[in-house]
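Observations on chain architecture
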Amino acid sequence: MPINHIVIIGSGFGGCTSVRMLRKRGHRGAITLISPSPELFYYPSLIWVPAGRRTEVDLRILLSAFFKKHDVAHQATEVTGINAAANTVRTERGEVAYDALIIASGGRYIKKLPGIEHVHIGCAGWDAIKNYS
C-alpha cells in the first residue's frame, strides 16, 4: 500500500527533523504536523534565562516559513488519542486520517525523587524557570 499521507505529532526537534528527512528522501505526498502551536520551543537555551541572557520570546521559534518551505499542513490542536486500527489521530478538532504516523511529541520531565520538587530544573520548561531571571 502506498504511503500518501504522513501525520507527525509534535513540532519540536523530532517532528521538524522528520519533516526534513521525509522531504530529503523524496516523499512528495501530504504531510500534516499536529501540535498546539506552529512553533518550536528551544529548550537548550533555558540555561541562559536566570542570567538574563534569554527571554521567552527568544526561545519560541515560529515555524510558518519552515512549514511553507517543506509543504506541510499544520493543525494547531491537542492530540487526545490514536486509533491505530482505523489509522486516525483524535484531536480536539476532530480526527485526522493517516497512511503512516510519526509520534515525536517529546519527553516530559517527571519529578519522582524525594526532595526534587524543591529543585528548579531548566529542562522542565519555561514555567519552571521563568521566575529566575
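Attention here is on the structure that accompanies the text.

Rules used throughout
Residues numbered from 1 in each chain as written. Predicted model: local features only at pLDDT ≥ 70, side-chain atom pairs only at ≥ 80, totals over all residues. Heavy atoms only, no water. Salt bridge = Lys/Arg side-chain N within 4 Å of Asp/Glu carboxyl O. Helix = DSSP H or I, 4+ residues; strand = E, 2+ residues; numbered from the N terminus. Buried < 20%, exposed > 50% of the residue type's maximum accessible area, 1.4 Å probe, protein only. Contact = heavy atoms within 4.5 Å. Pairing = 2+ DSSP bridges. Axes fitted to C-alpha atoms, helices over the stretch in contact; angles between N-to-C directions. Patch = residues over 30% accessible without salt bridge, like charges linked within 9 Å, V, L, I, M, F, W, Y side chains within 5 Å. Areas by Shrake-Rupley, 256 points an atom, 1.4 Å probe, with all protein chains shown as cover. Lys, Arg positive; Asp, Glu negative; His and termini not counted. Charge placed at Lys NZ, Arg CZ, Asp CG, Glu CD. Core = buried A, V, L, I, M, F, W, Y, C linked by side-chain atoms within 4.5 Å.

By the definition in use, this model includes two salt bridges. In this structure, Arg60 engages Glu39 in a salt bridge whose closest nitrogen and oxygen atoms are separated by 2.5 Å. Of the two residues, Arg60 sits in strand 4 (residues 60-62) while Glu39 sits in strand 3 (residues 39-41), which places them 21 residues apart along the sequence. Between Glu56 and Arg60 there is a salt bridge, with the nearest N and O atoms lying 2.7 Å from each other. Here the residues in one salt-bridge network are Glu39, Glu56 and Arg60, joined through shared partners.

So, on to unusual backbone geometry. The phi angle at Asp71 is positive, at roughly 55 degrees, despite the residue not being glycine. Here Asp71 is to be found in the loop between helix 3 (64-69) and strand 5 (72-76). Although it is not a glycine, Asn87 adopts a positive phi angle of roughly 55 degrees. Inspection of the secondary structure assignment puts Asn87 in the loop between strand 6 (79-83) and strand 7 (88-91). By relative accessible area, which is 25% here, Asn87 ends up partly exposed.

Now for the environment of Asn87. C-alpha of Asn87 to C-alpha of Ala97: the two residues are ten residues apart in sequence and 5.8 Å apart in space. With residues up to four places along the chain from it excluded, the contact list for Asn87 reads Val96, Ala97, Tyr98 and Asp99.

To continue, consider the sheet that holds strand 1 (residues 5-9). Hydrogen bonding along the main chain pairs the strands of a sheet, whether they run parallel or antiparallel. Spatially, 5-2-1-9 is the arrangement adopted by the four strands of the open sheet, whose pairing is parallel. Two strands in the sheet have a free side with no partner beyond their single neighbour: strand 5 and strand 9 (100-103). Averaged over all adjacent pairs, the angle separating strand axes in this sheet is 20 degrees, with direction ignored. Across five bridges, strand 1 lies against strand 2 (residues 30-35) in parallel orientation. Directly across from Ile8, in strand 2, lies its bridge partner Leu33.

Moving on, we get to a positive patch on the surface. The grouping of Arg20, Lys24, Arg25 and Lys69 at the surface amounts to a positive patch. Within the element layout of this structure, Lys24 appears in helix 1 (residues 13-24).

With that settled, consider the sheet that holds strand 8 (residues 94-97). Reading across the sheet, the three strands line up as 6-7-8 and stay open at both edges, with antiparallel pairing between neighbours. Sheet topology places strand 6 and strand 8 at the edges, where each strand pairs with a single neighbour. Averaged over all pairs of adjacent strands, the angle between their axes in this sheet comes to 25 degrees, without regard to strand direction. As paired strands, strand 6 and strand 7 are joined by four bridges and run antiparallel to one another. Each bridged residue has a counterpart across the sheet, and for Gly81 the counterpart in strand 7 is Arg90.

Relative to the helices and strands, Gly106 resides in the loop between strand 9 and helix 4 (126-129). Expressed as a C-alpha distance, the spacing of Gly106 and Ile9, which sit 97 residues apart in the sequence, is 9.4 Å.

The subject of this paragraph is the nonpolar core. In this structure, Ile8 and Val19 are the most contacted members of the largest nonpolar core, which totals 13 residues. Listed by contribution, the elements that provide at least two residues to this core are strand 1, helix 1, strand 2 and helix 3. With residues near it in sequence (within four places) discarded, Val19 still touches Ile8, Ile31, Leu33, Phe66, His70 and Val72.

So, to be careful, I would describe these as geometric facts and stop short of saying anything about function.
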